Amino acid sequence: RVTTHFRFAQMPGGQERRIEAVVYDQAQNPLLRLVYGPSATLYRVNHGWRHRPESEHFVVDLDTGEIWRPAPEGEEPEDLTEEAPVTSGSREVVRLMVWNTENLLLAYPLDPAWQGNEDFLASLQYALQRGMEVVFEVEESELASERLGEKEHRGVLYWEAAEGGVGVLRQLVQDPAALARVAKAALERCHFTAPQAEEDCARACYRCLLSYSNQPDHRLLDRRLVREALERLSRARTEVQKGSRDREEHYRWLRSLTDSRSELERRLVDLLYHTGRRLPDEAQKPLANYPCIPDFFYEPNVCVFCDGAVHDEPEQRQRDAATRAELRDLGYRVVVIRYDRDLEEQVQAYSDLFGEGRKTS
């Protein structure tokens with residue numbers, strides 16, 4: 001009986017190193033809370049034999065490393081039993097544990113209809129894992145997952161089992177559209193886009209959810225339970241949380257920091273918010289290694305400038321060109337939004353940064 005536990009890496013000052021995000025559907029309803037932990041410590045604790053639920057430990061000979069095994073049913077037990085005290089100085093009652101440093105991602109359902117149903121959660125767990133394998137072109141052995149927690153804290157833990165990690169899980173929190181692509185791939189993997197394959201698979205098969213490694217969960221898995229959830233996720237967007245602020249609070253905070261003389265800045269942040277796109281991480285943020293304050297900033301290196309009519313003045317245009325060239329030389333990405341061009345078209349041109357967005361009425 002193995003349980004999994006984790007500890008986030010610590011940053012200077014004791015703060016946990018993690019990134020949180022929320023996945024919203026098209027109606028702004030929260031579907032999932034994601035927590036990404038780079039270089040976290042993952043613990044696997046073996047509590048005892050699965051066929052002996054009353055056992056909470058192993059008896060180990062510390063001199064030889066040998067683990068005492070209970071006698072099979074019908075046979076005489078060894079002289080050392082769990083009921084009898086351990087008398088040998090080399091034998092100890094222990095739990096066995098291994099640990100490693102891994103990139104991990106926690107996914108917690110936020111939709112009330114998704115909570116409290118273990119069959120649904122197990123099916124969603126493996127459907128999303130299969131989608132990740134397709135989208136990021138990784139082998140099944142390179143990703144691992146497990147359900148953990150209880151009640152409202154019940155969720156799915158994914159970790160990168162390949163040596164050194166494969167860089168998949170970070171993208172799911174930082175790319176607003178990555179999880180939607182994974183859900184689309186999961187719909188296809190679960191036969192919902194291929195009618196003939198769907199007819200050949202009732203609950204789950206080895207072409208969709210089943211695998212050798214998840215055999216203990218086979219009785220729970222049913223692809224039909226997660227079809228609607230995957231369809232909603234395939235149209236969803238992922239929004240990184242900023243500290244303790246939710247999306248609404250972060251939008252209001254950004255708007256309060258815009259230049260009072262710049263209507264373009266407010267129009268841009270309003271458009272990003274109302275079309276469900278990715279909001280900037282900062283506004284009016286002084287750069288650490290260059291004397292410049294971009295209007296908006298996206299981690300780790302994107303400077304967004306909103307150029308009003310004053311930037312058409314020859315001297316200002318010359319200063320802008322010099323400053324932005326130096327920023328690019330320093331490794332920053334520079335995005336310029338102009339007052340005299342259609343705002344939606346300009347935002348669409350940077351969909352890799354802002355996201356695809358949705359139409360507003």
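Just above sits the structure.
Every value quoted in this text rests on a predicted model; they were computed, and no experiment measured them. (Residues numbered from 1 in each chain as written. Predicted model: local features only at pLDDT ≥ 70, side-chain atom pairs only at ≥ 80, totals over all residues. Heavy atoms only, no water.)

## Points about the pattern of salt bridges
Throughout the structure, instances matching the rule amount to 29 salt bridges. Here R44 ties to E146 by a salt bridge, and the two come within 2.5 Å at their closest N and O atoms. Of this pair, R44 sits in strand β3 (residues 30-46) while E146 sits in strand β7 (residues 143-148), and the two are 102 residues apart along the sequence. Judged by relative accessible area, R44 falls into the partly exposed class, the value being 29%. With a shortest N-O distance of 2.6 Å, E118 and R154 are connected by a salt bridge. Taken together, the positions of E118 in helix α1 (residues 118-135) and R154 in the loop between β7 and β8 (155-160) put the pair 36 residues apart, joining distant regions of the chain. E118 gets classed as partly exposed once you look at its relative accessible area, which sits at 28%. Judged by its relative accessible area of 24%, R154 falls in the partly exposed class. One connected set of salt bridges, linked through shared partners, spans E16, R18, E20 and R33. (Salt bridge = Lys/Arg side-chain N within 4 Å of Asp/Glu carboxyl O. Helix = DSSP H or I, 4+ residues; strand = E, 2+ residues; numbered from the N terminus. Buried < 20%, exposed > 50% of the residue type's maximum accessible area, 1.4 Å probe, protein only.)

## A few points about the packing of α1 against helix α3 (residues 178-189)
Running from amino to carboxyl end, α1 crosses α3 at an angle of 105 degrees, the nearest separation of the two axes being 7 Å. Put simply, α1 runs roughly perpendicular to α3. On the side of α1, the interface is formed by A127, L128, R130, G131, M132, E133, V134 and V135, while α3 contributes R181, V182, A185, A186 and R189. The residue inventory of the contact of α1 with α3, partitioned by class, reads eight nonpolar, one polar and four charged. (Axes fitted to C-alpha atoms, helices over the stretch in contact; angles between N-to-C directions. Parallel < 35°, antiparallel > 145°, perpendicular 65-115°, else oblique. Contact = heavy atoms within 4.5 Å. Nonpolar A, V, L, I, M, F, W, Y, C, P; charged D, E, K, R; others polar.)

## Considering the sheet that holds strand β10 (residues 282-283)
What the four strands build is an open sheet, ordered β10-β11-β12-β13; its pairing is mixed. Whereas interior strands pair on both sides, the edge strands pair on one side only; in this sheet they are β10 and β13 (333-338). Relative to strand β12 (residues 302-307), strand β11 (residues 296-298) is paired through three bridges, and the arrangement is antiparallel. The residue of β12 that forms the bridge with Y298 is V302. Packing of helix α7 (residues 263-274) onto the sheet brings it into contact with β11, β12 and β13, and relative to β12 it is tilted by some 125 degrees. (Pairing = 2+ DSSP bridges.)

## Overview of unusual backbone geometry
Between E299 and the following residue, P300, the backbone shows a cis peptide bond with an omega angle of 0 degrees. Position of P300 relative to the elements: it lies in the loop between β11 and β12. Phi is positive for K151, close to 50 degrees, though the residue is something other than glycine. Assignment of secondary structure puts K151 in the loop between β7 and β8. A relative accessible area of 74% means that K151 is categorised as exposed.

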